[in-house]
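Here's the letter readout for the chains.
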Amino acid sequence: MSAIIIFTAVSLAQLMLAAAMAITAVRMFRGPRAQDRIIGLDSLYINAMLMLVTFGIGTGSVLYFEAALVIGMLGFVATVALAKFLMRGEVIE
Amino acid sequence: MMQAAADIPVAAAIAVAFFVLFGAALSLIGAVGFLRLPTFYDRLHAPTLGTSWGIGGVMVASMIFFSVSASRPILHEILIGLFVTVTTPVTFMLLARAALDRDRTERNGNVPDKQEKRAPKD
């Protein structure tokens, strides 16, 4: 019973997160200016991280947690570097 | 695949299902708003729905699931939640300032002018 509940909920959540990733990818490719694309990339990172955590719940394995943590940190560093580049024209002054 | 999920009680499974669906639905709503809002400064607000309670819901579900199935508290998902909650305002603030700077130098849109520095009192 609980296996069915968790399997259904995790599958639905993965469908929703995949739709969210698709929408942010659309904004990333279509976005009128560079800052829209950067926010699209950031949201894509966050949704991919949530997707990995739901994979971890679905398979009952703790291994996905480290991958999610690494993706979160890489997303933060990438977004900060890109925002700095937009503001100043170079990343490290 | 589902051996770990089979031996947790039904109440915990319902709680996990509720929180994981809650988080995923909030992320989807944030993404839809991110697609539909008209200007950049409006669009900046939508994905924060996913980075606050979207992350929170999925992380709470993961904590409940692993704690119940291992019958000891496993709380390392707090690390991700805390990290994302702290770093997202920083990145969005930087991006908003960069966008404001670009809009000012290109003079498009109706962005406010730069405030003059108040003269120091003597």
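Up top is the structure.
Just so it is clear, the model here is predicted, and its values are computed rather than measured.

Draft legend 1. Up close: the overall build of chain A. Within chain A one finds three helices and zero strands. Reading chain A from its N end, one meets helices and strands in the order α-α-α. Expected size for 93 residues packed as a compact globule is a radius of gyration near 12 Å; at 16 Å, chain A overshoots this value by more than 25%. Each of the three principal axes of chain A carries a C-alpha extent, and together these read 55 × 25 × 10 Å. The buried share among the 93 residues of chain A stands at 43%. Nonlocal contacts in chain A, meaning residues at least 24 apart in sequence, comprise 43% of its contacts between residues at least 6 apart.

Draft legend 2. Structural context of the nonpolar core. Leu17 and Leu50 of chain A together with Val16, Val20, Val58 and Ala61 of chain B are the most contacted members of the largest nonpolar core, which has 41 residues in total. Listing elements by their share of this core, those giving two or more residues are α1 (2–30) and α2 (34–59) of chain A together with α2 (10–36), α4 (48–70) and α5 (77–106) of chain B. Those residues in contact with Leu50 of chain A that sit more than four places away from it in its chain are Leu17 of chain A together with Gly23, Ser27, Gly54, Ile55 and Val58 of chain B. Ile38, Leu82 and Ala83 of chain A together with Leu95 of chain B belong to the second largest nonpolar core, which has eight residues in total.

Draft legend 3. Region of the structure containing the packing of α2 of chain B against α4 of chain B. Residues and elements named next belong to chain B. Relative orientation of the contacting elements α2 and α4 amounts to 160°, with a least axis distance of 8 Å. The orientation of α2 relative to α4 falls into the category roughly antiparallel. Every pair of crossing elements has a handedness; the one defined by α2 and α4 is left-handed. When grouped by side-chain class, the residues that make up the contact of α2 with α4 number 19 nonpolar, seven polar and no charged.

Draft legend 4. Quick look at helix α3 (residues 63–88) of chain A. Here α3 of chain A contains 26 residues, and its C-alpha end-to-end distance of 39 Å stays within 8% of the 38 Å for a straight helix at 1.5 Å per residue. Buried within α3 of chain A are the following residues: Ala68, Gly72, Gly75, Phe76, Thr79, Leu82 and Ala83 of chain A. In the core, the buried residues of α3 of chain A are packed alongside α2 of chain A together with α5 of chain B.

Basis of the calculations
Residues numbered from 1 in each chain as written. Chains lettered and ligands numbered in written order. Predicted model: local features only at pLDDT ≥ 70, side-chain atom pairs only at ≥ 80, totals over all residues. Helix = DSSP H or I, 4+ residues; strand = E, 2+ residues; numbered from the N terminus. Rg over C-alpha atoms; globule rule 2.2 N^0.38 Å. Buried ≥ 20, exposed ≤ 12 C-beta atoms within 10 Å, placed from the backbone. Contact = placed C-beta atoms within 7 Å. Core = buried A, V, L, I, M, F, W, Y, C linked by C-beta atoms within 7 Å. Axes fitted to C-alpha atoms, helices over the stretch in contact; angles between N-to-C directions. Parallel < 35°, antiparallel > 145°, perpendicular 65-115°, else oblique. Left-handed = near helix turned anticlockwise from the far one by under 90°. Nonpolar A, V, L, I, M, F, W, Y, C, P; charged D, E, K, R; others polar. Expected span 1.5 Å × (residues − 1).

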